[in-house]
Amino acid sequence: MESCALTLSSSILNPKPSNHINRNTIHKIPTIYHSCSSQGIVNYKTTSSNHSLLAFASHSIFNNSSSFSPKRFRYDFALVRAAAAAPDASGESTNPAKIGRTLQLAAMFGVWYLLNIYFNIFNKQVLKVFPYPTTLTTFQFGCGTLLILIMWTLKLHPRPKFHKSQIVPVLTLAVAHTMGNLLTNISLGKVAVSFTHTIKAMEPFFTVLFSVLLLSERPSMWVVSSLVPIVGGVALASFTEASFNWIGFASAMASNVTNQSRNVLSKMFMVRKEEALDNINLFSVMTIVAFFLLIPFAYLLEGFKLTPEYLQFAASQGINVRDLMVRFVLTGIFFHSYQQVSYIILGMVSPVTHAVGNCVKRVVVIVSSVIFFRTPVSPINALGTGLALAGVFLYSKAKRIKPKAA
């Protein structure tokens, strides 16, 4: 205790009046306190919090009777009161920011899921009475193109700056983006919404496959193990699906191939950061290119269907044309909006967190579509779907595990 008394002799033996105490003196005390505790005399933890300062003051008052005096008591009491009144600047500045960011992310995820639910419901309703997925997909990309041009015109997001080296990569990604969305709509027109999204749970399998073939990446044991329930669950759900259709099954599986090849190719192409487009602009450019790519294919495969003659024919078949067109427009808006929100979220969180959110989104869409369309689901079918989705969740968790350095 002698070393502590010597260290504190300038402040304790000749204390200043309490009205001369300033914060600079207060913040220096934990450092002095640490010099005492480092010698093994006081076994309190070194910290700058008010509780440690209170513990220090009580120790100096009651365990050092040789230097106890009324003046010193008043000084230590004023010291503790001043420290207790001092705000914790770091806590006050970071906690509200973290809470605000968490609330913002929660709202973004909620909007993403809600837009997905409405898109899948309206999309299925349209495809039931309008069995032309290429025309519908072209119209949806057209709505997205219009919204993108409005966004750039109003300067809600900066326009992209192109380099010559980006033309071929962006065109390649746009083709994969176009095919992925077109094949998904073909599948939704043939089978139940819940079955399409169960098949699309196979995406991680193709991600790993293309990463091995194109990027020469070696997946960890945990990643490979997580693919087993995914493949097994999709197979089990397919064998017991009431609405099973080979065209719907094959197109959904093909959409997995195109979407995941797009993701892997984007890693290969967008290497130079100074030339890479941000997420929003990359998605926007792919949407515009997809719209112009699909126009000739829609005409060759299905002809022009959104004509007054066709609408009159549809009305004669008992179809409410007004409701059909309203849902047409809504699918276009929701189609673009949910994908853009997804890219915004991807810019705010890590890819693994986004993958977990995407897994939850698929669960939400499957459950909501089963309830809305009253899709018959057998216990084995539900088990297969649940197994596949659990595998997707395990895959996203396995991606967090970093391989040990050799």
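Computed from a predicted structure; not experimentally measured.

The next thing to look at is the overall build of the protein. Counting its secondary structure elements, the protein contains 17 helices and zero strands. The buried share of the protein, taken over its 406 residues, is 45%. By sequence separation, contacts in the protein at least 24 residues apart represent 86% of the contacts at least 6 residues apart. For the protein, the exposed area adds up to about 22300 Å²; of that, 66% sits on carbon and sulfur atoms.

With 13 residues, helix α10 (residues 203-215) should reach 18 Å at 1.5 Å per residue; the first-to-last C-alpha distance of 17 Å fits that figure. Among all positions in α10, only Glu 203, Pro 204, Phe 206, Thr 207, Val 208, Phe 210 and Ser 211 are buried.

How two helices sit against one another is set out by the angle between their axes and by the gap between those axes. Direction vectors running N to C along helix α7 (residues 133-153) and helix α13 (residues 279-302) enclose 145 degrees, while the axes themselves pass 8 Å from each other. Along this stretch, α7 crosses α13, giving a crossing that reads as left-handed. For the contact of α7 with α13, the class distribution of residues is 15 nonpolar, 10 polar and one charged.

Taken over all residues, the pLDDT of the protein has a mean of 78, while the share at 70 or more is 73%. Predicted confidence in the protein is weakest over helix α1 (residues 2-7), with a mean pLDDT of 40, and strongest over α7, with 96. In the model, residues 1-68 has pLDDT below 50 throughout and makes 70 contacts with residues more than four positions away in sequence or in other chains.

For the rest of this paragraph, the subject is the environment of Thr 138. Mapping Thr 138 onto the fold places it in helix α7. Judged by relative accessible area, Thr 138 falls into the buried class, the value being 9%. Distance from Thr 138 to Phe 297, taken between C-alpha atoms, is 9.2 Å for residues 159 residues apart in sequence. In this view, Thr 138 contacts Phe 291, Leu 294, Ile 295 and Ala 298; residues no more than four positions away in its chain are not counted. Side-chain polar atoms of Thr 138 contact the backbone oxygen of Thr 134, separated by 2.7 Å.

Before going further, it helps to examine the packing of α7 against helix α15 (residues 321-348). α15 packs onto α7 with a crossing angle of 60 degrees between their chain directions and a minimal axis gap of 8 Å. Considered as vectors, α7 and α15 are oriented oblique to each other. You can see that α7 and α15 cross each other, and the crossing is right-handed. Contacts between α7 and α15 pair Leu 136, Phe 139, Gln 140, Phe 141, Cys 143, Gly 144, Leu 147, Ile 148 and Met 151 from the former with Phe 328, Val 329, Thr 331, Gly 332, Ile 333, Phe 335, His 336 and Gln 340 from the latter. By residue class, the composition of the contact of α7 with α15 is 11 nonpolar, six polar and no charged.

Where nonpolar side chains cluster on the molecular surface, the patch consists of Leu 146, Leu 147, Ile 150, Leu 154, Leu 156, Val 329 and Ile 333 and spans about 620 Å² of accessible area. For the nonpolar patch, the secondary-structure elements that each account for two or more residues are α7 and α15. Tracing the sequence through the fold places Leu 147 in helix α7. Exposure remark for Leu 147: the relative accessible area of 31% places this residue in the partly exposed category.

Turning to the pattern of salt bridges, a few remarks are in order. Scanning the model with the defined rule gives two salt bridges in all. Note that Glu 203 is salt-bridged to Lys 200, the shortest N-O span being 3.7 Å. Per residue, the accessibility class of Glu 203 equals that of Lys 200, and both read buried. In this structure, the salt-bridge partner of Arg 362 is Glu 203, at a minimum N-O distance of 3.5 Å. In this pair, Arg 362 sits in helix α16 (residues 351-373) while Glu 203 sits in helix α10, placing the two residues 159 residues apart along the sequence. Of the two residues examined, Arg 362 and Glu 203, each falls in the buried class. Residues participating in the shared-partner salt-bridge network are Lys 200, Glu 203 and Arg 362.

Phi is positive for Lys 155, which is not a glycine, with a value near 60 degrees. As for its position among the elements, Lys 155 is in the loop between α7 and α8 (167-190). A positive phi angle is found at Arg 374, which is not glycine, with a value near 55 degrees. Tracing the backbone through its elements, the reader meets Arg 374 in the loop between α16 and α17 (379-398).

Now for the packing of aromatic side chains. In this structure the tally under the stated criterion is 25 aromatic pairs. Geometrically, the ring pair formed by Phe 205 and Phe 206 is edge-to-face, given 5.3 Å between the ring centres and 85 degrees between the ring planes. For Phe 205, a relative accessible area of 29% puts it in the partly exposed group. With centroids separated by 5.7 Å and ring planes inclined at 40 degrees, the aromatic side chains of Phe 244 and Phe 249 adopt a geometry described as tilted. Members of the aromatic cluster, joined through ring pairs, are Phe 130, Tyr 132, Phe 139, Tyr 310, Phe 313 and Phe 328.

What follows deals with the environment of Phe 122. Structurally, Phe 122 is set in helix α6 (residues 89-129). The buried category is assigned to Phe 122, whose relative accessible area is 14%. The spatial distance from the C-alpha of Phe 122 to the C-alpha of Arg 327 is 6.0 Å, given a sequence separation of 205 residues. With sequence-adjacent residues up to four places away left out, Phe 122 is seen in contact with Arg 327, Leu 330, Thr 331 and Phe 334.

A word on the side chain of Gln 339. Checked against the element boundaries, Gln 339 lands in helix α15. Those residues in contact with Gln 339 that sit more than four places away from it in its chain are His 177, Asn 181 and Phe 283.

The rules we used
Residues numbered from 1 in each chain as written. Predicted model: local features only at pLDDT ≥ 70, side-chain atom pairs only at ≥ 80, totals over all residues. Heavy atoms only, no water. Helix = DSSP H or I, 4+ residues; strand = E, 2+ residues; numbered from the N terminus. Buried < 20%, exposed > 50% of the residue type's maximum accessible area, 1.4 Å probe, protein only. Contact = heavy atoms within 4.5 Å. Areas by Shrake-Rupley, 256 points an atom, 1.4 Å probe, with all protein chains shown as cover. Expected span 1.5 Å × (residues − 1). Axes fitted to C-alpha atoms, helices over the stretch in contact; angles between N-to-C directions. Left-handed = near helix turned anticlockwise from the far one by under 90°. Nonpolar A, V, L, I, M, F, W, Y, C, P; charged D, E, K, R; others polar. pLDDT = per-residue confidence, 0-100. Polar contact = N/O pair within 3.5 Å; in protein donor to acceptor, adjacent residues only side chain to side chain. Parallel < 35°, antiparallel > 145°, perpendicular 65-115°, else oblique. Patch = residues over 30% accessible without salt bridge, like charges linked within 9 Å, V, L, I, M, F, W, Y side chains within 5 Å. Salt bridge = Lys/Arg side-chain N within 4 Å of Asp/Glu carboxyl O. Phe/Tyr/Trp six-rings, centres within 6.5 Å; stacked < 30°, edge-to-face > 60°.

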